[in-house]
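Understanding the architecture of this molecule
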Amino acid sequence: MSDHAMPRAVAQPELEALWLPFTHNRHFKKHPRLVSGAEGMYYTTPDGRRVLDGLSGLWCCNAGHRHPRIVEAVKAQLDELDYAVAFQVQHPKAFDLANALTAAAPGDLNHVFFTNSGSEAVDTALKIALAYHKARGDGGRYRLIGRAKGYHGVGFGGISVGGMTANRKAFASALLPGVDHLPHTHNLEQMAFTRGQPAWGAHLADDLENIVALHDASTIAAVIVEPMQGSAGVIVPPLGYLERLRAMCDKYGILLIFDEVITGFGRLGEMFSPTRLNVMPDILTFAKGITSGMVPLGGALVRDHVYEAFMHGPEHLVEFFHGYTYSGHPLACAAGLAALEVYRDEELFARARRLEPLLAEAVHALRGEPNVIDIRNFGLAAAVELAPRADGVSLRAMEIFDRCFEQGVMLRYTGDILAMGPAATASEDELGIMVDTLRRAIRAAS
Ligand code: PLP
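Residues numbered from 1 in each chain as written. Predicted model: local features only at pLDDT ≥ 70, side-chain atom pairs only at ≥ 80, totals over all residues.

Points about the site of the ligand
Taken together, the neighbourhood of the ligand is formed by 14 residues, with Ser-117, Gly-118, Ser-119, Gly-153 and Val-261 sitting nearest. The leading source of residues in the shell around the ligand is helix 5 (residues 118-135), at three residues. Here the residues of the shell around the ligand sort into five nonpolar, seven polar and two charged. (Near = placed C-beta within 6 Å. Helix = DSSP H or I, 4+ residues; strand = E, 2+ residues; numbered from the N terminus. Nonpolar A, V, L, I, M, F, W, Y, C, P; charged D, E, K, R; others polar.)

Concerning the environment of Tyr-307
Structurally, Tyr-307 can be placed in helix 12 (residues 304-310). C-alpha separation for the pair Tyr-307 and Asn-110, spaced 197 residues apart in sequence, amounts to 8.6 Å. Excluding its chain neighbours within four sequence positions, the residues that come into contact with Tyr-307 are His-111 and Val-302. (Contact = placed C-beta atoms within 7 Å.)

Some remarks on the nonpolar core
Ranked by size, the top nonpolar core spans 128 residues in total, and within it Val-223, Ala-335, Leu-411 and Leu-418 carry the most contacts. A total of 11 residues in this core trace back to one element, the largest contributor, which is helix 13 (residues 330-345). Each of domain 1 (33-63 + 347-444) and domain 2 (70-345) accounts for three or more of the residues forming this core. Val-223 has contacts with Ile-145, Leu-208, Leu-245, Cys-249, Ile-254, Leu-256 and Ile-257, leaving out every residue within four places of it along the chain. (Core = buried A, V, L, I, M, F, W, Y, C linked by C-beta atoms within 7 Å. Buried ≥ 20, exposed ≤ 12 C-beta atoms within 10 Å, placed from the backbone. Domains from an automatic or database assignment.)

Some points on the environment of Ala-86
Position of Ala-86 relative to the elements: it lies in the loop between helix 3 (68-78) and helix 4 (92-104). What makes Ala-86 partly exposed here is the crowd of 17 C-beta atoms within 10 Å. Note: C-alpha distance between Ala-86 and Tyr-324 (238 residues apart in sequence) is 7.5 Å.

Take a look at the structure:
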């Protein structure tokens, strides 16, 4: 790590109280990086520098930061109702948002269960899947199938079906029983530098047949995948892959869950992936972009047949023993309703579709730069993968990330992959600035 990006080298005591999530805390506290304001496509730092946000926060501020209409809606909500009891009582905006979401969601995803985060959305979806089979008298289906390199948040359910080793290994003793994993679809030999969906790899879905043969279909409740793997570094579904998974799930009575926490709300140029990829899940999880990142909110959308399986028995009994104090919080619902209006009125999903080829063009022009071994893109998401440095994985990407930040562009790195996911409000110039800054940082990096 060069010193240029790191002016301070002693831990600052006032930073010790906060334990940062998914962060190298000791390193961070010697080299803190703060943002204190944001507007549109830019963050500002405490010392007044503007930083172009190349990742929509953490893939969430899809309409840009502090969109005035969402800000106004949240402020107005504060003057009206702060908290409404989530169980047995509700407030009108929770229904309004549920109606707006289900009206805009594809197919018969007609019911929504609200959570506060993507991790909770995933755990909710997994619990719905298990309880669905039980409600239908098929409670022997207890297995959940995830995928290698999958990221489904940090709940015990999410890390169990997730496929990121670092997120699992300390918790091995507490992972859910009966979980198995499909192979991931990333293969540098077959698909390096592919634009959009790779032609190779649909057959990797067939591994579900092996899993079924091993465990028997009668024990499998659900398969969960991200339509495009985001956190693992923009791993794009091979053509035909999701279709095959869907067909096998149908054949064996297995529910298919799409985790759209990153892919929802315009990231793939549509509200959700089925409109683009023509594959319908039974349950779809979302979070992040639903409020353009302004207030935490997530949820699981379910199709009619899933919801209806629960709606039996005496009406005074609770159908699903699950929920959060803040499920459908009024501030989150106000933000969600306003964000949906912004996406619609400003036609931001169409804008994302228009920006997609521009981002692709710009990022693929990095081919041939030092140590670049792959470039991938899909929707408003792109990743540049670098060969790791001899002295350690992620050091090269970390240096490049730091250099970009210093030069006024915020990206994200995982391992030696740098990811970009700009808001749908980005201008063509801003896409160019992101990629040019990355190019200079790649050239300058050791
Ligand atoms: N699922 C997916 C696909 C994600 O990408 C993420 C977060 O990036 C999550 C779940 C977890 O969401 P949260 O951090 O809001 O719990």
